[in-house]
Amino acid sequence: MTIAYDGTDFCGWQKQSPYEDSVPAGLRLEAPGGVEEVAPKPESPSLEGEAGPRARVELRTVQEVVERAVREVVREPIVLMGASRTDSGVHARGQVGAFTCSEGVDRGIGWPVDRGTEGLLRAINSRLPRDVLVLNASVAAENFNPIQGATSKQYSYTIWNSQTRPLWERRTALHIWDRLDVAKMQEVAALIEGEHDFAAFAAAGHGRLSTVRTVFACRVRAEETGQSDAQRVIIEVCGSGFLWNMVRIIAGTLVEAGRGRIGPDRVVEALRTGKRELAGATLQPQGLCLEWIKYE
């Protein structure tokens, strides 16, 4: 399935079930009867001073919401695997998810392949909230893996560049007051392209054995907004794969280049040494969007 969502009110893509007493009520996944609780495992040790194991709750994540909708339609347990674990507040136009279900119509569960996917698509969408939508669905090969099979992905980062804050785009763009020099941003963006060690552009604790990645394209363009004092600056980064917060750090570096605070030499040095302090800040999540994922 190709899935689009407004990530503002989601705690990211991946399912999470932290301890109940550590989660504000607004982040919990609301079930028909209230907060959805996950029963503690019997073998879970009790903390000192507590009467018993601590209860867990499900956070509102895209994976959990879509998985529940699919389960209601096919009437059997399924596991939804997503291609990219977008963070809290990050959006998507082209997330890819896959699940396996049975084909047994006699038992009233699953979904027969010969029925097609149009009805399946309508049924799933009718059970989804307004901030997530399945755009299309198709039958995949049995060995299809949305993570390992991806050959390239593209993210965009949108900036509302104006002294006037955005109203209609406040959930999908980062507001920056300083007038950005797009030409300088483009000059630095060209240096990001290619195969590099992107250690300087990864968040601490990324958990990857290798920080070498290939960026096929890194582009910056400005669009008119209809306001004389505003421009919409869009950063597009296409690559074979990305480290944790890598695109948001690239975007932060390009913003500093647009402000005249980071030049090409510093970016070259960041790529050479892997020193995080040489790159820009990690920008806020609302401007980031997963645009598409391609497969062979």
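Residues numbered from 1 in each chain as written. Predicted model: local features only at pLDDT ≥ 70, side-chain atom pairs only at ≥ 80, totals over all residues. Heavy atoms only, no water.

1. A closer look at the nonpolar core
Okay, step 1: Grouped together as the largest cluster of nonpolar side chains are 69 residues, with contacts concentrated most on Met 1, Val 66, Ile 124, Val 132, Phe 201, Ile 235 and Leu 254.
Okay, step 2: With eight residues, helix α4 (residues 246–258) is the largest single contributor of residues to this core.
Okay, step 3: With residues up to four places along the chain from it excluded, the contact list for Val 132 reads Ile 3, Ala 4, Tyr 5, Phe 10, Val 62, Val 65 and Val 66. (Core = buried A, V, L, I, M, F, W, Y, C linked by side-chain atoms within 4.5 Å. Buried < 20%, exposed > 50% of the residue type's maximum accessible area, 1.4 Å probe, protein only. Helix = DSSP H or I, 4+ residues; strand = E, 2+ residues; numbered from the N terminus. Contact = heavy atoms within 4.5 Å.)

2. Section: the confidence of the model for the protein
Okay, step 1: Across the protein, the average pLDDT comes to 90, with 88% of residues at 70 or higher.
Okay, step 2: In the predicted structure, residues 31–35 sits below a pLDDT of 50 and forms seven contacts with residues beyond four places in sequence or in another chain.
Okay, step 3: Every residue in residues 37–44 scores below 50 in pLDDT, and together they form 11 contacts with partners more than four places removed in sequence or on other chains. (pLDDT = per-residue confidence, 0-100.)

3. Notes on the pattern of salt bridges
Okay, step 1: In total, this model carries 18 salt bridges according to the counting rule given.
Okay, step 2: The salt bridge partner of Arg 127 is Glu 72, with a shortest N-O separation of 3.4 Å. One end of the pair, Arg 127, is in the loop between α2 (118–125) and β8 (132–136); the other, Glu 72, is in helix α1 (residues 62–74), and 55 residues separate them in sequence.
Okay, step 3: In this structure Arg 127 comes out as partly exposed when scored by relative accessible area, which is 40%.
Okay, step 4: With a closest N to O distance of 2.7 Å, Arg 259 and Glu 256 form a salt bridge.
Okay, step 5: Each of Glu 169, Arg 219, Arg 221, Glu 223, Arg 232 and Glu 236 takes part in a single network of salt bridges with overlapping partners. (Salt bridge = Lys/Arg side-chain N within 4 Å of Asp/Glu carboxyl O.)

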